[in-house]
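Remarks on the overall topology
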Amino acid sequence: MYVRYGRAGRGPAYVCRTDRSDYAGPVCQSTSAAEVERWVAEQVLLARQPAALEAGLSAAGAIEGQRQQRTRHWEQRIERAKYDADRAARQYHAREPENRLVARTLEHRWDQLLREVGRLEDEFDRFRRTQPRVLGDADREAIRQLAERVPAVWHAATTTAADRRQIVRRRIARVVLAVEPGGDRVEVRIAWAGGAVREQTIRRAVRGYRHLRDGPLLRARVAALHEQNQTPAEIAGARNQSGFRSPKRTATFTAGMVRRLLAELGLRPRMSRGTDAGAVLTAGAWWLHARARHLGVSPHTLPGWRKKGWLHARQVGGRGGPWAVWAGGTEMSRLRALKECPRVWANRDRLATLRVPASRA
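Residues numbered from 1 in each chain as written. Predicted model: local features only at pLDDT ≥ 70, side-chain atom pairs only at ≥ 80, totals over all residues. Heavy atoms only, no water.

**Let's talk about the packing of aromatic side chains**
Considering all chains together, one arrives at 4 aromatic pairs under this definition. Ring centres 5.6 Å apart and planes at 35° place the aromatic pair Tyr92 and Trp110 in the tilted group. Separated by 18 residues along the polypeptide, Tyr92 in helix 3 (residues 50–93) and Trp110 in helix 4 (residues 100–130) bring together distant segments of the chain. Trp110 sits in the partly exposed class, given a relative accessible area of 22%. Judged by centre distance (6.4 Å) and plane angle (20°), the rings of Phe124 and Phe127 are stacked. In this pair, Phe124 and Phe127 both sit in helix 4, 3 residues apart, roughly one turn of the helix. Accessibility classification places Phe124 together with Phe127 in one group, the buried group. Put simply, the rings of Trp74, Phe124 and Phe127 touch in pairs and so form one group of aromatic residues. (Phe/Tyr/Trp six-rings, centres within 6.5 Å; stacked < 30°, edge-to-face > 60°. Helix = DSSP H or I, 4+ residues; strand = E, 2+ residues; numbered from the N terminus. Buried < 20%, exposed > 50% of the residue type's maximum accessible area, 1.4 Å probe, protein only.)

This is the structure we're talking about:
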């Protein structure tokens, strides 16, 4: 996977699309880099904490004990090979000189055993060169002092992204991702430089509720609370306490998010306590989600029109209340023309004429 940098305001992503680039096939997998990098950074800093560091140093001591056992095993093999070679040498020198056939056989065996001794000594030498240096007391104390400074260096304003990458690359050999197709889960596997492995399933931002693994459960709970005559604000509070998160991984649900979800479910939001629903909808007024269905557009489209000044709407009950849309008289004709007008630069003048009249804005 490689890094793909998006447009301004959009963070980078990890993408595997070689099959698509070379053979016009589908994209293998992709995910936002933010969630992955945040978790990996947490693991790097956790590994530097005193408890984890002491555990690592203890593990290094255990590894040193294992290395000593392997070293002793090599020494024993070489010692046995030398003994066999010395024995073959004694047999060769003790032969009868006139028996040439026996002499050639013993000489050949002695030569083979000497070559085996040389091979074992070469392999033992390579083994010792590939082993890390033994940590002394001074080395351990220096590691502890440096580890205490890493979090401060990581969070310092003067530390650049390149500096953080250097810190990560000294600790991590590679990171392997497995993205759930069409879902919000990513399996992350960290292979540390020392050989240890850490695995975790993290959640990523997705485009809609249909991509959430617990999306059906979330919809069912929201519908159940709606049947209990709870308002969007009350439903949002209940969902926040239950641990559910939105597709975009925002910290909390809001009343507006719940109203949009209710609109997708074809449900009309309950009014705030003490509000008379019949008194707020005057002639020619519609609830925003109902007008979206009538126009045949997504409930997410009309809030965008409202922000751009293409829709005449008002919020009922103040901040956090539902939106009512005025669509009487010729307003519906204007909204239908707006729906059919392509959002391209060539139509900029046409779109300007479809804005809400100043008398209604």
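**Focus on the packing of helix 11 (residues 288–295) against helix 13 (residues 331–340)**
One way to put it is that helix 11 packs onto helix 13 with a least axis distance of 11 Å and a crossing angle of 65°. Where helix 11 crosses over helix 13, the two elements pack in a sense that is right-handed. Residue-level inspection shows Arg291, His294 and Leu295 of helix 11 in contact with helix 13, the latter providing Met332, Leu335, Arg336 and Lys339. The residue inventory of the contact of helix 11 with helix 13, partitioned by class, reads 3 nonpolar, 1 polar and 3 charged. (Axes fitted to C-alpha atoms, helices over the stretch in contact; angles between N-to-C directions. Left-handed = near helix turned anticlockwise from the far one by under 90°. Contact = heavy atoms within 4.5 Å. Nonpolar A, V, L, I, M, F, W, Y, C, P; charged D, E, K, R; others polar.)

**Structural notes on the side chain of Thr159**
You can see Thr159 is positioned in the loop between helix 5 (137–155) and helix 6 (161–171). Given a relative accessible area of 11%, Thr159 falls into the buried group. Once you skip the residues sitting within four places of it in the chain, Thr159 turns out to touch Val153, Trp154 and Arg164.

**Let's talk about a positive patch on the surface**
There is a patch of like positive charges on the surface, built from Arg4, Arg10, Arg207, Arg210 and Lys248. Position of Arg10 among the secondary structure elements: in the loop between strand 1 (2–4) and strand 2 (13–16). According to the relative accessible area criterion, Arg10 is exposed, its value standing at 52%. (Patch = residues over 30% accessible without salt bridge, like charges linked within 9 Å, V, L, I, M, F, W, Y side chains within 5 Å. Areas by Shrake-Rupley, 256 points an atom, 1.4 Å probe, with all protein chains shown as cover. Salt bridge = Lys/Arg side-chain N within 4 Å of Asp/Glu carboxyl O. Lys, Arg positive; Asp, Glu negative; His and termini not counted. Charge placed at Lys NZ, Arg CZ, Asp CG, Glu CD.)

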